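For reference, the chains in residue letters:
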Amino acid sequence: MRWSQKGSTVLNNLRMLIQLTNEWKLILLVIRKSPLTTAGLVIVSGFVILGIVGPYATLHDPIMISVTGALKRLHPPCLEHPFGTDEYGRDLFSRVLYGARVSLVAALSVMVIAVPIGVLLGLCSGYYGGIVDEVIMRITDIFLSFPGLVLAIALSASLGAGLTSAIIALAVVWWPGYVRVIRAQVLVVKEMLFVEAARAIGVKTSKILFRHILPNSITPLLVLITFDFGSVILANSALSFIGLGAQPPIPEWGRLIADGRRWFPDKWWYSFFPGLAILITVLGFNLLGDGIRDMMDPRYRRSIEMKG
Amino acid sequence: MGDIKRYIVRRTLSFLPTILGVLVLTFVISHIIPADPVRVWAGGYKARPEIIEEIRRRYHLDKPLYEQLILYLNDVFSGNWGVSPMSKRPVLVDIAEYFPATLELSIVSGLLLTIIGIPMGLIAALKKDSFIDHAIRVVALIGTSAPAFWLAIVLQWIFYYYLGLLPATSRGTPPSIRYTGMYVLDSILTGDVELFIENLKHILLPSVTLAFTGLGIIARVVRNTALDVVSSEFIDFAKARGLQGLQLYRHILKNSLIPVITVLALEIGYILSGAIVIETVFSWPGIGLYAVNAINSLDYPAIMGVTLLIGLIFIFINFITDIAYAVIDPRVRL
C-alpha cells in the first residue's frame, strides 16, 4: 500500500516533469517561431524591472537640482549624460528612468481598479441576464459613447490636475472594456455541460462564477490586460503632456516631452528620448499582446505542437 | 426598403436614452465630481467673490441636485453651454469658431487613413506571412504605439527644421471668401491654386501624424477580414457557381465592408481625441487647441463644452454606422 502510493507520486512527479519540459519546449518554440513576441516579452520585462529598481540605479538625482548642475544646463547627449540634460542641468537619462516607475505605478493602479470592477460586472451581466444584464450594459454603453481620452481629460480636469486624479480618470474610462469581454465569454461558458452539472448538484452561484466560469475566461482577459497596459501608459502620458497628470518635479514621460518643447528645435534630445521610451514600452506591450493572442489561438498552438 | 425605414425609426428611438445617459454623465462630471463646483465653473481659485455669486446663480448651483440636472439638460438643449471665463463669450460661439479647423483636419486625416490603410491591409493579406506582411505589421504597430504628440514633434523636426520642406505651425492663409471655414476646401472653391497648395502644405504634417497613429488598427482589420472572407464557404460556393473576376470581387468586397466600416467609425474617435492633443503642437486653431488652453487657464465651461460636443459627434457617428450596417446587411434589420 505504502509502496504503491510512493510509486504513484514518483510517477506523478515524472509526468509533471514531462509536462514541464513540454511547456519549456513550447516556450522555446514560440521564441524561435515568433521573434516579435520574444522582443515584446524582453521589452516588457525590462520596463517592469526598470520601474522597480530604476530610481535606485540612477547615477544622478532625477529630481533635485544640484549646484554643479547649473553649469551643464541643456547639455547635448554625451557619455556621462546619454540623453543630455535639462534646463536645470538635471540628467535626462535618470529622469527618463524614474519616469518608467511613474508609468508603471500609474498603469498598474489603473488596472487594479478597472479590471476587478469590469470583471465583476461582466460576470453578473452574462450570468444573470435579463434586467441585470440590461442595466449594466446600458451604463457600459454610455461610457463607451466617448472616445476614451476625451472622457479621461474631462474627468481629470474636474478632479484637479495630479497623478492620482489621472489614475482615477483612466480607471473610470477603462473598466467598460472588461465588462464586454467577460460577458461575451460567460455567455459561451455558462451553456457548457460542466457548469450545468455544477448547478445541478447545488454549487453556490458565487463559486460557479469564480471557480468555473472565470478561469475559463482568463485567456481573452489576459490579452486585453496586456494591450490595455500599453494604452493606459500612452493615455497617461497624453494627460500629462497637456498639463493634467503628474505635476513637476515628478518626471513623467509626457510631461518631459511638453517641457522639452520650449527648447525645440535646438535641444532636440529633451523631447526625443522620453518619447522614445514611451514608444518602445507601448510597442513591447502590443507585441506581447499579439503574441499571447496567437499562442492561445488553438489553431496556431496545434500547428507548433505538431511541428515540435 | 420599407423595413429599412422601420429600422431607422427603431434605432433613433433606442438612441435617445444613450444621448440622455451621456448628458447625465457630463452632468455628474461637471456638477458632482469637482470638490467645489462653483469655484471650478467660475475659473478656479482666482475668481472674485461677486463673480462666484453670479456663477452660482447662472449655473443654478444653489438648487438641489435633481433640479440642477433638469436645468442643465434644458440649458444644453437650448444652446446655453455656459460662458467661458477666458474669452468672456458663450462657449458655443467659441466652439463654432474653432470647430471648422478640427473638422478639416479630421477629414483629411480620415481620407489619408483610408487611402493608405486599406491597401496596406490588402497587400498584407495577399502576401500573408511574407516579409512584406511582417514589415507592414511592424510599421502599423509603431504607429499604434507612438504617442501622437511626440510623433508630431519628430515630424516637425525632420520636415520643417531639418529638411525645410513643410511649415511646422498654423493653418496657412484664409481664402478671400469663407464658405465652410475649411481653408483647403474654400481655396478650391474660390479657385485660388496657389493658396490651395499653401494650405495643403500646412495641413499635411498634422494630418499625417493623426493618420499614422490610426493606421495599425485599420490595416490589421482589413488584412484579417480579407483572409476570412476569401477562405469562407460562400466564396467557394460562388466559385463553384462559376463566378469570376468582377462578380467574385463584388461578393468579397460586400462581405468585407461591415468590419471595415466598424473600424472606420472607431478611428474617427481616435482622430478626434488625437486632434485634442496634437493641435497644440502645430498651433492648429481647432477645438483641441481651445480645450488645452482652457485646461491651462482653468476655463471649465470650455472644457465641458468640448467634451460634450465630441461625445455627441461620436454618438451620431455610431448611429450612422448602425444604419450603414442595415443597408449593407439585411440580417441586421431583423
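Residues numbered from 1 in each chain as written. Chains lettered and ligands numbered in written order. Predicted model: local features only at pLDDT ≥ 70, side-chain atom pairs only at ≥ 80, totals over all residues. Heavy atoms only, no water.

Quick notes on the overall build of chain A
Heads up, the rule is: Helix and strand definitions follow DSSP, with helices as H or I runs of at least four residues and strands as E runs of at least two, each counted in order from the N terminus. Remark: exposure states derive from per-residue accessible area (1.4 Å probe, protein chains only) relative to the maximum for the residue type, with buried under 20%, exposed over 50%, and partly exposed in between. Should any heavy atoms of two residues lie within 4.5 Å, those residues are considered in contact. Residue exposure ignores everything except the shown protein chains as possible cover, and the areas themselves are Shrake-Rupley values with a 1.4 Å probe.
A tally of helices and strands in chain A yields 12 helices and 0 strands. From first element to last, N terminus to C terminus, chain A shows the α and β order α-α-α-α-α-α-α-α-α-α-α-α. Among the 308 residues that make up chain A, the fraction classed as buried is 48%. Of all intrachain contacts in chain A linking residues separated by at least 6 positions in sequence, the fraction that spans at least 24 positions is 71%. When the accessible surface of chain A is split by element, carbon and sulfur atoms take 68% of a total near 15300 Å².

Structural notes on the overall build of chain B
For the record, the criterion: For the purpose of charge, His is not counted, nor are the chain termini; Lys and Arg are scored as positive and Asp and Glu as negative. Charge positions come from single atoms, namely NZ of Lys, CZ of Arg, CG of Asp or CD of Glu.
In terms of regular secondary structure, chain B is built from 13 helices and 0 strands. The order of α-helices and β-strands along chain B, N terminus first, is α-α-α-α-α-α-α-α-α-α-α-α-α. Expressed along its principal axes, the backbone C-alpha trace of chain B runs to roughly 80 × 55 × 40 Å. Evaluated residue by residue, chain B yields a buried proportion of 47% over its 334 residues. Contacts spanning at least 24 positions in sequence make up 68% of the contacts within chain B whose residues lie at least 6 apart. Just so you have it, chain B exposes about 16700 Å², and 68% of that area is on carbon and sulfur atoms. Charge centroids of chain B, computed over 27 positive and 25 negative side chains, lie 6 Å from each other.

Here's the deal with the layout of surface pockets
Residue and element names in this part refer to chain B. Convention followed: Think of a 1 Å grid over just the protein atoms. A cavity is a set of points where a 1.4 Å probe fits yet cannot get out, a pocket is an open set with protein on both sides within 12 Å along at least five of seven lines, and lining residues have an atom within 4 Å of a point. Grid points are joined across faces, edges and corners, and a volume is the space filled by probe spheres set on the points.
Each pocket or cavity is described by its volume, and for the second largest pocket that value is around 510 Å³. Considering the residues around the second largest pocket, the lining is formed by 19 residues, among which Leu122, Ala226, Ile252, Leu253 and Ser256 are closest to the centre. Secondary structure elements with two or more residues in the lining of the second largest pocket: helix 5 (91-126), helix 9 (193-230) and helix 11 (245-281). The element contributing the most residues to the lining of the second largest pocket is helix 11, with 9 residues.

Here's the deal with the pattern of salt bridges
Worth spelling out the cut-off: Counted as salt bridges are all cases of a side-chain nitrogen of Lys or Arg within 4 Å of a carboxyl oxygen of Asp or Glu.
What the rule picks out here adds up to 13 salt bridges over all chains. Between B:Arg137 and A:Asp290 there is a salt bridge, and its shortest N-O distance comes to 3.1 Å. A residue pair is termed interchain when its members come from two chains, as with B:Arg137 in helix 6 (residues 131-145) and A:Asp290 in helix 11 (residues 268-296). By sharing partners, the salt bridges in this structure join A:Glu134, A:Arg138, A:Asp141 and A:Arg180 into a single network.

Some details on unusual backbone geometry
Glycine aside, a negative phi is what most residues show, and trans is what most peptide bonds show. Residue A:Pro249 is reached from A:Pro248 by a cis peptide bond, and omega for that bond is 10°. Phi at B:Lys88 takes a positive value of approximately 60°, unusual for a residue other than glycine. Along the chain, B:Lys88 falls in the loop between helix 4 (65-77) and helix 5.

Description of the packing of helix 7 (residues 193-200) of chain A against helix 8 (residues 205-213) of chain A
Residue and element names in this part refer to chain A. Note the following rule: Lines fitted to the C-alpha atoms define the axes, with helices restricted to the stretch that makes contact. Angles between their N-to-C directions range from 0 to 180 degrees. Working definition: roughly parallel below 35 degrees, roughly antiparallel above 145 degrees, roughly perpendicular at 65 to 115 degrees, and oblique for all remaining angles. Each crossing is labelled by how the near helix is turned from the far one, with a counterclockwise turn of less than a right angle marking it left-handed and a clockwise turn marking it right-handed.
In the contact formed by helix 7 and helix 8, the axes pass within 11 Å of each other and the chain directions differ by 150°. As the angle between them shows, helix 7 and helix 8 are arranged roughly antiparallel. Between helix 7 and helix 8 lies a crossing whose hand is right-handed. Contact with helix 7, carried on its side by Phe194, Val195, Ala198 and Arg199, involves Ile208, His212 and Ile213 of helix 8 and no other residues of that element.

Description of the interface of chain A and chain B
Just so we agree on the cut-off: Buried area adds together the accessible area that both of two parts lose upon being put together, with accessible area traced by a 1.4 Å probe. Polar contact is defined as a pair of N or O atoms within 3.5 Å, subject to the rule that within protein one atom must be able to donate a hydrogen and the other to accept it, and that residues adjacent in sequence are counted only when both atoms are side-chain atoms. Each residue is assigned to one class: nonpolar for Ala, Val, Leu, Ile, Met, Phe, Trp, Tyr, Cys and Pro, charged for Asp, Glu, Lys and Arg, and polar for all the others, Gly among them.
With 42 residues of chain A at the interface, the matching set in chain B holds 41 residues. Interface area for chain A against chain B, summed over the two sides, is near 3800 Å², with a carbon-plus-sulfur share of 78%. Applying the counting criterion to the chain A and chain B interface returns 7 residue pairs in polar contact (both at pLDDT 80 or more). At the level of elements, helix 4 (130-144), helix 5 (148-159), helix 9 (218-241), helix 10 (253-260) and helix 11 of chain A are the ones that each hand at least two residues to the side of chain A that touches chain B. Top contributing element to the side of chain A that touches chain B by residue count: helix 11 of chain A, with 13 residues. When grouped by side-chain class, the residues that make up the side of chain A that touches chain B number 30 nonpolar, 8 polar and 4 charged.

Topic: the packing of helix 6 (residues 163-189) of chain A against helix 9 of chain A
Residue and element names in this part refer to chain A. Relative to each other, helix 6 and helix 9 sit at 155°, their axes nearing to 10 Å. Between helix 6 and helix 9, the interaxial angle falls into the category roughly antiparallel. Here the hand of the crossing between helix 6 and helix 9 comes out right-handed. Residues Leu163, Ala166, Leu170, Trp174, Gly177, Tyr178, Val181, Ile182 and Gln185 of helix 6 form the contact with helix 9, whose own contacting residues are Pro220, Leu221, Leu224, Ile225, Asp228, Ser231, Val232, Ala235, Asn236 and Leu239. Classifying every residue of the contact of helix 6 with helix 9 gives 14 nonpolar, 4 polar and 1 charged.

Here's the deal with the side chain of B:Glu104
Residues and elements named next belong to chain B. Here Glu104 is to be found in helix 5. Of the residues examined, Glu104 reaches a relative accessible area of 3% and is grouped as buried. Engagement of the side chain of Glu104 in a polar contact is seen with the backbone nitrogen of Tyr183, the distance being 3.0 Å. In this structure, Glu104 is in contact with Arg171, Met182, Tyr183, Val184, Leu185, Ile203 and Trp284, ignoring residues within four places of it in sequence.

With respect to the domain arrangement of chain B
Residue and element names in this part refer to chain B. Our working rule: Note that the domain bounds were set by an automatic or database domain assignment.
Splitting chain B by domain gives domain 1 (1-86 + 298-334) and domain 2 (97-296). The C-alpha-based centres of domain 1 and domain 2 are spaced at 28 Å. Of the roughly 1500 Å² buried between domain 1 and domain 2, counting both surfaces, carbon and sulfur atoms make up 82%. Looking at the side of domain 1 facing domain 2, the largest losses of area belong to Val306, Tyr325 and Ile328, adding up to 33% of the total buried there.

As for helix 9 of chain B
All names here are of chain B. Stated formally: To estimate the expected span of a helix, count its residues, drop one, and scale the result by 1.5 Å. Note that the bend at a residue is defined as the angle between axes fitted to the seven residues ending at it and the seven residues starting at it.
Taking 1.5 Å as the rise per residue, helix 9 with 38 residues should run 56 Å; its terminal C-alpha atoms sit only 44 Å apart, a clear shortfall. At Leu215, helix 9 shows its largest bend, some 45°. The N-cap residue of helix 9 is Asp192: its side-chain oxygen and the backbone nitrogen of Glu194 are 3.4 Å apart.

Considering empty space enclosed by the protein
Counted by the stated rule, this structure contains 2 cavities of 30 Å³ or more. Roughly 190 Å³ of internal volume is contained in the largest cavity. Lining the largest cavity we find 15 residues, and of these B:Trp41, B:Tyr72, B:Val76, B:Asn80 and B:Trp81 sit closest to its centre. Where the lining of the largest cavity is concerned, the elements lending two or more residues are helix 4 and helix 13 (300-328) of chain B. Take the lining of the largest cavity: its biggest share by element is 4 residues, from helix 13 of chain B. Grouping the amino acids of the lining of the largest cavity by side-chain chemistry returns 8 nonpolar, 5 polar and 2 charged. Of all the elements in the fold, those that place two or more residues in the lining of the second largest cavity are helix 5 of chain A together with helix 13 of chain B. Its residues placed into classes, the lining of the second largest cavity shows 7 nonpolar, 1 polar and no charged.

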